[in-house]
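Listed below, chain by chain, are the residues.
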Amino acid sequence: MSFFATIESRKAASFMINATLLISSLILIGTGASLMGFYRVQMLEVITVDFIIVPTVLTGGGIFTLIVSIFGLTAVAREDTCLLLSYAVLVAVDFCILMAGIISSVRLLFDIQIGFLDADVMSELSAYETDSWVRYKWDTIQTEFTCCGGYGYAQGYTDWKKTSMGGTRNSVPDSCCLFIAPGCGNNLFEVNDIRVVIGKINVHGCLTVMQRRLETHVTVILIVFAAVGGILAIMQLLSVVLACCLASNFSHGDEISVYEYETRSRAGSVSKRSYGAETTFYGGPSREVPMDL
């Protein structure tokens, strides 16, 4: 720990940590945005709420870390005690956010492996015609992942037969179609030839398709985030300690500067009074001493 023995070494370490956090924050923002924009994991809250927490923490926490790291660089550069203490508090909050993200990512790793088996999608599929968010969500998932319904290879689309849409009108959403057009999914369950069905719609269940993609791609992202997040958490704790030490050093330095200024001011005042007294003694009018003749 001799590296942190001087103020300059502590400042240098704080600069390096904040620069690392700044770069890491940009990576976190990009990762969270990709999870929401490309993998659409936030739409799987029917399985677990962690599918919302993890990308939100990655994106929102990354933005917060970016702001805090810039604030920290400014505080260290200005050597301001108040700014450094405020920075330490902000880093402590950021540490809590990061730990929440790490815990949620570990939970999500298990949910990807076993959580898909317990999800009840039929309640959502049944609300497709009445809930606009559910309709948008499943249209987006089925279009982007070229799937239809909940579970199963080559039979996921049959989940729609258990809803009012499939039960009363023998239809599936138009987003299931290979070539989307208004009404392309109407009367699909009246077709008995599976080859005709395969030629009209996607037949694989969406959760089955998404689970495979999550296992091959998102799992790796979550493992890397948990590992790197642990390193970043240690760096944040070290940053809090350095900020408090620097704040104490700068505060002590200000007290010394004030003390030296007051001491010199008093010394200067005494010197002026002494100089004035000497001038009066030596520079005053001379008195003639009578001499006895």
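What you are looking at is a predicted structure, and each value in this text was computed from that prediction instead of being measured.

Procedures and definitions
Residues numbered from 1 in each chain as written. Predicted model: local features only at pLDDT ≥ 70, side-chain atom pairs only at ≥ 80, totals over all residues. Heavy atoms only, no water. Helix = DSSP H or I, 4+ residues; strand = E, 2+ residues; numbered from the N terminus. Contact = heavy atoms within 4.5 Å. Core = buried A, V, L, I, M, F, W, Y, C linked by side-chain atoms within 4.5 Å. Buried < 20%, exposed > 50% of the residue type's maximum accessible area, 1.4 Å probe, protein only. Disulfide = S-S within 2.5 Å. Axes fitted to C-alpha atoms, helices over the stretch in contact; angles between N-to-C directions. Parallel < 35°, antiparallel > 145°, perpendicular 65-115°, else oblique. Left-handed = near helix turned anticlockwise from the far one by under 90°. Nonpolar A, V, L, I, M, F, W, Y, C, P; charged D, E, K, R; others polar. 1 Å grid on protein atoms, 1.4 Å probe; cavity = no way out; pocket = protein on both sides within 12 Å on 5 of 7 lines; lining within 4 Å. Points joined across faces, edges and corners; volume = space filled by probe spheres on them. Phe/Tyr/Trp six-rings, centres within 6.5 Å; stacked < 30°, edge-to-face > 60°. Patch = residues over 30% accessible without salt bridge, like charges linked within 9 Å, V, L, I, M, F, W, Y side chains within 5 Å. Areas by Shrake-Rupley, 256 points an atom, 1.4 Å probe, with all protein chains shown as cover. Salt bridge = Lys/Arg side-chain N within 4 Å of Asp/Glu carboxyl O.

Draft legend 1. Structural detail: the overall build of the protein chain. Counting secondary structure elements, the protein chain contains eight helices and zero strands. Counted from the first residue to the last, the protein chain has its helices and strands arranged as α-α-α-α-α-α-α-α. Here the analysis covers contacts within the protein chain between residues at least 6 apart in sequence; of these, 72% occur between residues at least 24 apart.

Draft legend 2. Representation of the nonpolar core in the model. Membership of the largest hydrophobic core comes to 54 residues, with the highest contact counts inside it found for Leu-44, Phe-51, Tyr-157, Trp-160, Ile-201 and Leu-214. Every element with two or more residues in this core is listed here: α1 (7-37), α2 (50-78), α3 (81-114), α5 (132-144) and α8 (206-283). By residue number, the principal contributor to this core is α8, which donates 13 residues.

Draft legend 3. Region of the structure containing the state of the cysteines. Summed over all chains, the structure comprises three disulfides. Put simply, Cys-147 and Cys-206 are joined by a disulfide, and their sulfur atoms are 2.1 Å apart. The sign of the S-S torsion, about 95°, decides the handedness of the disulfide formed by Cys-147 and Cys-206: right-handed. Here Cys-206 lies in helix α8 and Cys-147 lies in the loop between α5 and α6 (164-169), a separation of 59 residues in the sequence. The burial state of Cys-147 is the same as that of Cys-206; both residues are buried. With a sulfur-sulfur separation of 2.1 Å, Cys-148 is cross-linked through a disulfide to Cys-176. Between Cys-148 and Cys-176, the S-S torsion sits near 80°, and that sign places the bridge as right-handed. With Cys-148 in the loop between α5 and α6 and Cys-176 in the loop between α6 and α7 (194-200), the pair connects residues that are 28 residues apart, well separated along the chain. Here Cys-148 matches Cys-176 in class, with each residue buried. In this structure Cys-245 is not part of a disulfide, and its nearest cysteine sulfur, from Cys-244, lies 7.0 Å away.

Draft legend 4. Quick peek at the packing of α1 against α2. Interhelical geometry of α1 versus α2 gives an angle of 155° and a closest axis separation of 7 Å. Put simply, α1 runs roughly antiparallel to α2. The hand of the α1/α2 crossing is left-handed. Split into classes, the residues belonging to the contact of α1 with α2 amount to 20 nonpolar, 10 polar and one charged.

Draft legend 5. Seen up close, empty space enclosed by the protein. Applying the stated criterion across every chain yields a total of one cavity of 30 Å³ or more. Roughly 80 Å³ of internal volume is contained in the largest cavity. In terms of lining, the largest cavity is formed by Leu-28, Val-57, Leu-58, Gly-61, Gly-62, Thr-65, Asp-94, Ile-97, Leu-98, Phe-225, Leu-232 and Gln-236. Listed by contribution, the elements that provide at least two residues to the lining of the largest cavity are α2, α3 and α8.

Draft legend 6. Summary view of the packing of aromatic side chains. Applying the stated criterion to the full structure yields four aromatic pairs. Aromatic side chains Phe-38 and Tyr-39 sit 4.8 Å apart centroid to centroid with 85° between the ring planes, which places their arrangement in the edge-to-face category. Classification of Tyr-39 by relative accessible area gives buried; the value is 10%.

Draft legend 7. Structural view of a nonpolar patch on the surface. Residues Val-106, Phe-110 and Ile-114 make up a contiguous nonpolar surface patch of roughly 300 Å² in combined accessible area. Relative to the elements of secondary structure, Val-106 occurs in helix α3. Classification of Val-106 as partly exposed rests on a relative accessible area of 34%.

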